[in-house]
Amino acid sequence: NESEVRILASDISPSAIIAAQQNAAEAGVDDSIEFSVLPFNRCQAPEKHGIIIMNPPYGERIGEKEELRKIYKELSVFYKENPSWSLYLVTSDKEFESLFSVRPADRRRKLYNGRIEICYYQYYGAKPEKLEKPE
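Residues numbered from 1 in each chain as written. Predicted model: local features only at pLDDT ≥ 70, side-chain atom pairs only at ≥ 80, totals over all residues. Heavy atoms only, no water.

## Description of the overall build of the protein
Part 1: When you go through the protein residue by residue, the secondary structure sums to three helices and six strands.
Part 2: The proportion of buried residues among the 135 residues of the protein is 28%.
Part 3: Taking all contacts inside the protein whose residues are at least 6 apart in sequence as the whole, residues at least 24 apart take part in 61%. (Helix = DSSP H or I, 4+ residues; strand = E, 2+ residues; numbered from the N terminus. Buried < 20%, exposed > 50% of the residue type's maximum accessible area, 1.4 Å probe, protein only. Contact = heavy atoms within 4.5 Å.)

## What to know about the side chain of Thr91
Part 1: Assignment of secondary structure puts Thr91 in strand β4 (residues 86-91).
Part 2: A relative accessible area of 1% means that Thr91 is categorised as buried.
Part 3: Residue contacts for Thr91: discarding those within four places in its chain leaves Tyr58, Tyr72, Phe96, Ile118, Cys119 and Tyr121.

## Some thoughts on the packing of aromatic side chains
Part 1: Counted under the stated rule, the structure contains 11 aromatic pairs.
Part 2: Aromatic side chains Phe96 and Tyr123 sit 6.4 Å apart centroid to centroid with 70° between the ring planes, which places their arrangement in the edge-to-face category. Remark: Tyr123 occurs in strand β6 (residues 116-123) and Phe96 occurs in helix α3 (residues 96-100); sequence separation between them is 27 residues.
Part 3: A connected cluster of aromatic rings, assembled from ring pairs, spans Tyr72, Tyr79, Phe96, Phe100, Tyr121 and Tyr123. (Phe/Tyr/Trp six-rings, centres within 6.5 Å; stacked < 30°, edge-to-face > 60°.)

## Points about helix α1 (residues 14-27)
Residues separated by three or four positions in an α-helix point in the same direction, a consequence of the helix having 3.6 residues per turn.
Part 1: For α1, built from 14 residues, the straight-helix expectation of 20 Å at 1.5 Å per residue is met to within 8% by its first-to-last C-alpha distance of 20 Å.
Part 2: Where α1 ends, the next residue or the one after it, Gly28, has phi of about 80°, a positive value. (Expected span 1.5 Å × (residues − 1).)

## Digging into unusual backbone geometry
Part 1: With a phi angle near 55°, Ser101 is a residue other than glycine that sits in the positive phi range.
Part 2: Along the chain, Ser101 turns up in the loop between α3 and β5 (107-113).

## What to know about the confidence of the model for the protein
Part 1: Mean pLDDT for the protein: 86, with 90% of residues reaching 70 or above.
Part 2: Averaged pLDDT values over the elements of the protein bottom out at 87 in helix α2 (residues 64-81) and peak at 95 in α1. (pLDDT = per-residue confidence, 0-100.)

Here it is in structure tokens:
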């Protein structure tokens, strides 16, 4: 008994979506992913349970910090409205957890992307209830 998995991929950059589509095609999984040019604040939770995997900009360039903080706020709103979703995120922003303001991460790991120190945060959503198997 296989369950259907829906993968939705979005980015505000059309060129990032094109690159992701090309990578998915090369990996042979392009028919399993719905791509869209869409900012995070317009993303909807189409299912009760799901997983968000996010690699937002690191905010290293001038003016990006404010935009990054806006993304964190939008992410907080989404997560508060959808507590059964899980979130996996990497960022170099050491203030992420306090800015996300939902709750402390369930797990976090320090990593390096080249010379940039980043942190990988895991927030686990409520687990789906198991369906009883027919006898």
